[in-house]
Amino acid sequence: MTSYEERISYRERDRERDEDARLKSAVSRRRSPFREERSTRKRSRSRSFSPPRRRPSPNIGWPYSEWRPPRPLEESANVPFAESAAKKKEENPLLMRTGGAYIPPARLRMMQEHKNSEAYQRLSWEALKKSINGLVNKVNVSNISKIVKELFQENVIRGRGLMGRSIVTAQAASPTFTHVYAVLVAIVNTKFPQIGELIIKRVIVNFKKGYRRNDKNLCMASANFLAHLVNQQVVHELIALEILTLLLENPTDDSVEVAIGFLKECGLKLSQVAPKGMHGVYDSLRGILNNSKLDVRVQYMIEVMFAIRKDGFKEHPIIIEQLDLVEEDDQITHFVTIEEQCDPEDSLNVFKFDPDYQANEDKYKQIRDDVLGGGGSDSDEGSSGGEVDSDDEEDEAASDQEEGTMKIQDETQMNTLALRRTVYLTIMSSLSFEECAHKMLQMSIKPGQEYDTASMIIECCSQERSYRKFFGLLGQRFCQLNQDYVEQYVKLFQEHYTTCHRLETNKLRNVAKFFAYLCYTDALPWTCLSIIHLNEEETTSSSRIFIKILFQEFAEYMGLAKLNERLRDPFLAPVFEGILPRDNPRNTRFAINFFTSIGLGGLTDDLREHLKSTSKMIVSQTNDSESSDSSSSKS
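Residues numbered from 1 in each chain as written. Predicted model: local features only at pLDDT ≥ 70, side-chain atom pairs only at ≥ 80, totals over all residues. Heavy atoms only, no water.

Caption draft 1: How the structure looks around the overall build of the protein. Summing up its helical and strand segments, the protein has 27 helices and zero strands in all. Of all 635 residues assigned to the protein, the portion counted as buried reaches 38%. Considering only contacts in the protein between residues 6 or more positions apart, those separated by 24 or more positions represent 72%. Of the roughly 38,100 Å² that the protein leaves accessible, carbon and sulfur atoms contribute 50%. (Helix = DSSP H or I, 4+ residues; strand = E, 2+ residues; numbered from the N terminus. Buried < 20%, exposed > 50% of the residue type's maximum accessible area, 1.4 Å probe, protein only. Contact = heavy atoms within 4.5 Å. Areas by Shrake-Rupley, 256 points an atom, 1.4 Å probe, with all protein chains shown as cover.)

Quick look at the structure:
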């Protein structure tokens, strides 16, 4: 038996011999060498296993000429145009997926002159996508304020779909930076709430998708993102309770693990805003630990969760100090539930031609100037290739120096945040109020910052578990040193009384005791109490608790007799008209019942006498009217 190489050599030798014979016969007959191709191919196949030869071009040799079967008339008229259009569309670099094709400068200049053309809008869309992706991928704790300013330079309203996709994708790829992306969403949400709502909906859709597919990684990443958004108050805390209920309803190893990770991130926030709901969640975890047959690793995670709760979530704060950049009053909270259908609006991720492109760009420039305080630069001018001569810039700079220094107004409130942080650290590190007041006076607080300093003292006081006289003495010292603090505390008293329904009971008690001490020491004028109107229509349950604690502290500091003398002071009589009303017997009776119920019935002696006298007057008036009616009827 011959080897494989020998067989191959035999086949090649036979093929060459047949080819030579065919060419010789063709030359002798003066015929095309391809005339007998089919018969030669059959013979070669019978002797060897070589692949069929390619048919040569029909333009080579006689008698083969280019011939095609005839087409119908309509098809022959339309097909060449359609083929050329499709070929041109395929070769268009602007329609490529990457959009990174080279465009000659002359053609690019012509495209930039027509800003309403589809080609120019597609170029700007690709540039917007690259810019947003690059900025989102660069964000971290140290440069988030700078990244936000650069992000607002781009048209985030047009690219809200791109921005939402970039943030959600970056968070899923880097779960350790979830708190940074949550702060970025919180800052954007204060200026553009529709973008924040879109990101929330997409995260919820991803969570549902991971839950249905049993994808633990996607489910955990989406749940952690929602937890940090709850901490930032971008989304309502109800969705957090719904997620925990869904995960613990039918417990498995993966669902309990996701629930534990979610609870670590937002457990402290939920304990403050929804303590009753958290008690139910902990009861469910305790029942799962005692009754279910879970993996030992998962049972250990539940025990660790109870230990974290016992320690007060020290290693899992709500917001770290470096990322506390959004004021609570500026934040917009979206109420979204996990049961409702959320539209992720995926069509916003795709380019669409805008017939009013230039008008929309001009509108966003105005919005950008309002957001950034007029400091935004035109990115379109930079992309259009327009350049400003350096000589003109030098002339403008020289003219600005001649006119005077340019004033820069800080709209980011970074100075305010730094002051509040410094005041908080000073208060927490001081042993006595004298030391704290001395340190704060050394801080060289600028004029106009008295309000922030005073409000920070009150916030620190409200955060304590029980009232400390330290804060009252500190506020008294500042009021005695500077009259501006007296005005600010009067303003703060009015604000806290009107918004006391937002405070928890503990915070409400601490704030009321703080202001009671300032009024007792005459650091605050008693005229600030004129805002209180004690009647059924103008008070709520929170405001009545505030008034109760305030006057109970007055009675404890001054005694009932001195407090009664102060309330009877003729100079302060107009101030106490709302607290001790005499305009309407119904309001008078309400005030008497209120003070009697809180144990200060001795303050209502004058009101009782006034109520008796008014009731006698009413009875006498009714008798006089009845007697006059009877006399007129007799006559």
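Back to the write-up after that little detour.
Caption draft 2: Expanded view of unusual backbone geometry. Phi at N214 takes a positive value of approximately 60 degrees, unusual for a residue other than glycine. Tracing the backbone shows N214 in the loop between α9 (193-213) and α10 (216-231). Here N214 falls in the exposed class, since its relative accessible area comes to 68%. One non-glycine residue, E345, lies in the positive phi region at around 55 degrees.

Caption draft 3: Main features of the confidence of the model for the protein. Averaged over all residues, the pLDDT of the protein equals 80, while 75% of them reach at least 70. Low confidence marks residues 396-403, where pLDDT is under 50. Its contacts with residues over four positions away, or in another chain, come to zero contacts. (pLDDT = per-residue confidence, 0-100.)

Caption draft 4: Structural detail: the side chain of Q488. Along the polypeptide, Q488 turns up in helix α22 (residues 483-498). The class for Q488 is buried, based on a relative accessible area of 14%. In contact with Q488, not counting residues within four places along its chain, are E450 and Y451.

Caption draft 5: Looking closely at the packing of aromatic side chains. Going through the model one piece at a time under the given rule, you end up with 21 aromatic pairs. Measuring from ring centre to ring centre gives 6.4 Å for F207 and Y211, while their planes differ by 20 degrees; the resulting arrangement is stacked. With a gap of four residues between them, F207 and Y211 both fall in helix α9, about one helical turn apart. According to the relative accessible area criterion, Y211 is partly exposed, its value standing at 34%. An angle of 55 degrees between the planes, with centres 6.3 Å apart, marks the rings of Y517 and Y520 as tilted. Linking Y517 with Y520, this pair stays in helix α23 (residues 505-520), spanning three residues, or about one helical turn. (Phe/Tyr/Trp six-rings, centres within 6.5 Å; stacked < 30°, edge-to-face > 60°.)

Caption draft 6: Spotlight on the nonpolar core. I144, I167, F225, L229 and F262 are the most contacted members of the largest nonpolar core, which totals 79 residues. Broken down by element, this core gets its largest block of residues, nine residues, from helix α8 (residues 178-191). Once residues within four sequence positions are removed from consideration, F225 is found in contact with I167, Q171, T178, Y181, A182, V185, I199 and V203. (Core = buried A, V, L, I, M, F, W, Y, C linked by side-chain atoms within 4.5 Å.)

Caption draft 7: View of the side chain of N587. Relative to the elements of secondary structure, N587 occurs in helix α26 (residues 585-597). Its relative accessible area of 11% is what places N587 among the buried residues. Those residues within four positions of N587 in sequence are excluded, and the remaining contacts are L534, N535, E537 and P581.

Caption draft 8: Highlighting the environment of P193. As for its position among the elements, P193 is in helix α9. On the basis of relative accessibility, which here comes to 26%, the residue P193 falls in the partly exposed class. Taking the C-alpha atoms as reference points, P193 and T333, separated by 140 residues in sequence, lie 8.9 Å from one another. Non-local contacts of P193, meaning those with residues more than four positions away in its chain, are made with I332 and H334.

Caption draft 9: Structural context of helix α5 (residues 118-138). With 21 residues, α5 ought to run about 30 Å at 1.5 Å a step, and its terminal C-alpha atoms sit 30 Å apart, in line with that. Those residues of α5 that fall on the buried side of the exposure criterion are Y120, Q121, R122, S124, W125, E126, L128, I132, L135 and V136. (Expected span 1.5 Å × (residues − 1).)

Caption draft 10: View of the packing of α9 against helix α11 (residues 238-249). Relative orientation of the contacting elements α9 and α11 amounts to 5 degrees, with a least axis distance of 13 Å. Taken as axis vectors, α9 and α11 run roughly parallel relative to one another. Residues I204, F207 and Y211 of α9 pack against I239, I243, L246 and L247 of α11. Split into classes, the residues belonging to the contact of α9 with α11 amount to seven nonpolar, no polar and no charged. (Axes fitted to C-alpha atoms, helices over the stretch in contact; angles between N-to-C directions. Parallel < 35°, antiparallel > 145°, perpendicular 65-115°, else oblique. Nonpolar A, V, L, I, M, F, W, Y, C, P; charged D, E, K, R; others polar.)

Caption draft 11: Inspection of the packing of helix α12 (residues 253-273) against helix α13 (residues 275-291) at higher detail. For the pair α12 and α13, the least separation of the axes is 10 Å and the interaxial angle reads 150 degrees. Relative to α13, the element α12 is oriented roughly antiparallel. The hand of the α12/α13 crossing is left-handed. Taken together, the residues of α13 that come into contact with α12 (itself represented by V256, I260, L263, G267, L270, S271, Q272 and V273) are P275, M278, V281, Y282, L285 and I288. Tallied by class, the residues present in the contact of α12 with α13 amount to 11 nonpolar, three polar and no charged. (Left-handed = near helix turned anticlockwise from the far one by under 90°.)

Caption draft 12: Molecular detail of α8. For α8, built from 14 residues, the straight-helix expectation of 20 Å at 1.5 Å per residue is met to within 8% by its first-to-last C-alpha distance of 21 Å. Where α8 is concerned, the buried positions are T178, V180, Y181, A182, V183, L184, V185, A186, I187, V188 and N189. The inward-facing, buried residues of α8 contact α5, α6 (144-153), α7 (160-173), α9 and α10.

Caption draft 13: Just the pattern of salt bridges, in detail. Enumeration according to the criterion identifies 14 salt bridges in this entry. Notably, a salt bridge pairs E459 with R420, separated by 2.8 Å at the nearest N-O pair. Within this pair, whereas E459 is found in helix α20 (residues 450-462), its partner R420 is found in helix α18 (residues 414-428), the two being separated by 39 residues in sequence. The exposure class assigned to E459 is partly exposed, which follows from its relative accessible area of 33%. (Salt bridge = Lys/Arg side-chain N within 4 Å of Asp/Glu carboxyl O.)

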